[in-house]
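Structure assessment
Single-letter residue listing:
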Amino acid sequence: MTVTQPKGFRAAGVAAGIKAEGKLDLALVVNDGPLQVAAGVFTRNVIKAAPVLWSQEVLKQQRLKAVVLNSGGANAATGPGGFQDTHQTAEKVAGLFEAGAIEVAVCSTGLIGERLPMDTLLSGVDTAFAKLGTGSEADLNAATAVMTTDSKPKQAVAKHDSGWSVGGFAKGAGMLAPNLATMLSVLTTDAVATPEVLDRALRAATGVTFDRLDVDGGTSTNDTVLVLASGASGVEPTEAELTELLTAVSLDLVLQLRADSEGATKYVDVTVTGAANEADAIAVGRTIAEDNLVKTALFGSDPNWGRIAMALGRVPAEIDPEKVAITINGVTLFAKGTPAADRSEADLSGRDIRIVVDLGLGEGESTIYTTDLSHAYVEENSAYSS
């Protein structure tokens, strides 16, 4: 059990008919309380999908009864009609619970620029409502229903010794370079938490997990991470405890997202230490992670530290070349402005690669989670819309 492991939640995933061939394509997650506290983080892409605009608005109330999610269409760049479709979806779900539409968040994923088949989607909401339940099958179906190019569902759960837990699912395999959130993720907890504490805990957790995943530099129009708190455990953890468990589950999901990212053959951690501040560390790490020359070298298992030096050197951050050290898989290849070892000493033949860049300037640090750039990534994305 994952998303329904915390007490007070039910879930379902069904084949509404949005996708062809009877694939699961609509999910519903419901908070039965007694609390219905919620928080969310969303994409910073200026072109926001209609469901993002809707969910951002309803989250101002910091309360959610349910979340409805669909794959098979992003409902992004669809104008006023697309927003009306999102509103209609929320009203449909709300009506089943005698709630208000403002208590329902909506998430969509898929191809940008096309309206959703609303009759099909709304009928699917009825089907999902009838199948709401708890347990591993309900959780798996919900996690599967949001998949697009994913090859497998992503789920995670963590339990606290004092009797409360956090569970959740996420989807994403491409267009992964989040700014505040990534693709779609729903987290649940049965902890007792105020709206303010839940919001701070979510932002702290996503800031070092979802926001540090950068597979291809593409910030989605639909990125959304939601957390719902039911309070059904009766336990009120400290903010630090809640943040810790949310972070653990979020990182688990992030690593699953990276492992299933399109065409990946290498799992790469880019850690920057010694930066003047955290912002500089993030900027340097993200630039290295997104650089195509770096990524193709990693695909070829080539420890070409010169490409890493080039990438970090173009970041608008405080950098002193004479203080920089570049280490790949435990071998320092560049330090104090000069080569420090033969690049052949760094073994990149395995799947896991760890790049550490020490700027030697301060206490700022961060880790960005990324992958290589392979033939398979290009092939898959060249054919996605068809």
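By the naming in an unreviewed UniProt entry, the protein goes by Arginine biosynthesis bifunctional protein ArgJ and is assigned to Amycolatopsis speibonae. Of the protein, the UniProt comment under Sequence similarities (unreviewed entry) reads exactly: "Belongs to the ArgJ family." Looking at the Function (unreviewed entry) heading of the UniProt record, one finds this comment for the protein: "Catalyzes two activities which are involved in the cyclic version of arginine biosynthesis: the synthesis of N-acetylglutamate from glutamate and acetyl-CoA as the acetyl donor, and of ornithine by transacetylation between N(2)-acetylornithine and glutamate."

1. So, the overall build of the protein
When you go through the protein residue by residue, the secondary structure sums to 10 helices and 15 strands. For the protein, the C-alpha radius of gyration of 21 Å lies close to 21 Å, the compact-globule estimate for 386 residues. Expressed as lengths along the three principal axes of its C-alpha atoms, the size of the protein is roughly 70 × 50 × 35 Å. When the 386 residues of the protein are sorted by exposure, 56% land in the buried category.

2. Focus on the packing of aromatic side chains
Across all of its chains, the model carries three aromatic pairs by this definition. Note on phenylalanine 97 and phenylalanine 129: the rings are 5.2 Å apart at their centroids and 80 degrees apart in plane angle, and the pair reads as edge-to-face. Taken together, the residues span a long stretch of sequence, with phenylalanine 97 in the loop between α2 (79-96) and β5 (104-108) and phenylalanine 129 in helix α3 (residues 118-130) at a distance of 32 residues.

3. Quick look at the UniProt feature "binding site: substrate" (unreviewed entry) in the protein
When the UniProt feature table is mapped onto this chain numbering, "binding site: substrate" (unreviewed entry) sits at Thr148, Lys171, Thr182, Glu262, Asn381 and Ser386. With respect to the secondary-structure elements, lysine 171 resides in strand β7 (residues 165-171). According to the relative accessible area criterion, lysine 171 is buried, its value standing at 0%. Of the polar contacts made by the side chain of lysine 171, one reaches the side chain of threonine 109; its length is 3.0 Å.

4. A few points about the side chain of threonine 43
Tracing the sequence through the fold places threonine 43 in the loop between β3 (37-42) and α1 (50-58). For threonine 43, a relative accessible area of 2% translates into the label buried. A distance of 2.9 Å separates a polar side-chain atom of threonine 43 from the backbone nitrogen of asparagine 45. Reaching out from threonine 43, the side chain makes a polar contact with the backbone oxygen of serine 220 at a distance of 2.7 Å.

5. A short note on the sheet that holds strand β11 (residues 325-328)
Ordered in space as β13-β12-β11-β14-β10-β15, the six strands form an open sheet in which the pairing is mixed. What marks the edges here is a single partner per strand, and that holds for β13 (338-339) and β15 (364-371). Summarising the sheet, β11 and strand β12 (residues 331-335) pair through four bridges and their orientation is antiparallel. Looking at the pairing, isoleucine 328 lines up with valine 331 of β12.

6. Describing the pairing of strand β6 (residues 154-159)
Taking every second residue as pointing to the same face, the buried face of β6 carries Lys154, Ala156 and Ala158, while none of Gln155, Val157 and Lys159 on the other face is buried. In this structure, β6 lies alongside β7, joined through six bridges in antiparallel fashion. For alanine 158, the partnering residue across the bridge sits in β7 and is valine 166.

7. Remarks on the nonpolar core
One recurring pattern in soluble globular proteins: nonpolar side chains tend to sit buried together. Counting residues in each nonpolar core, the largest one holds 51 residues, and the members touching the most others are Val67, Leu69 and Phe169. Residues Ala191, Ala193, Leu198 and Leu242 belong to the second largest nonpolar core, which totals 30 residues.

Conventions used here
- Residues numbered from 1 in each chain as written.
- Predicted model: local features only at pLDDT ≥ 70, side-chain atom pairs only at ≥ 80, totals over all residues.
- Heavy atoms only, no water.
- UniProt positions renumbered as here; feature names shortened; annotations may be inferred.
- Helix = DSSP H or I, 4+ residues; strand = E, 2+ residues; numbered from the N terminus.
- Rg over C-alpha atoms; globule rule 2.2 N^0.38 Å.
- Buried < 20%, exposed > 50% of the residue type's maximum accessible area, 1.4 Å probe, protein only.
- Phe/Tyr/Trp six-rings, centres within 6.5 Å; stacked < 30°, edge-to-face > 60°.
- Polar contact = N/O pair within 3.5 Å; in protein donor to acceptor, adjacent residues only side chain to side chain.
- Pairing = 2+ DSSP bridges.
- Core = buried A, V, L, I, M, F, W, Y, C linked by side-chain atoms within 4.5 Å.

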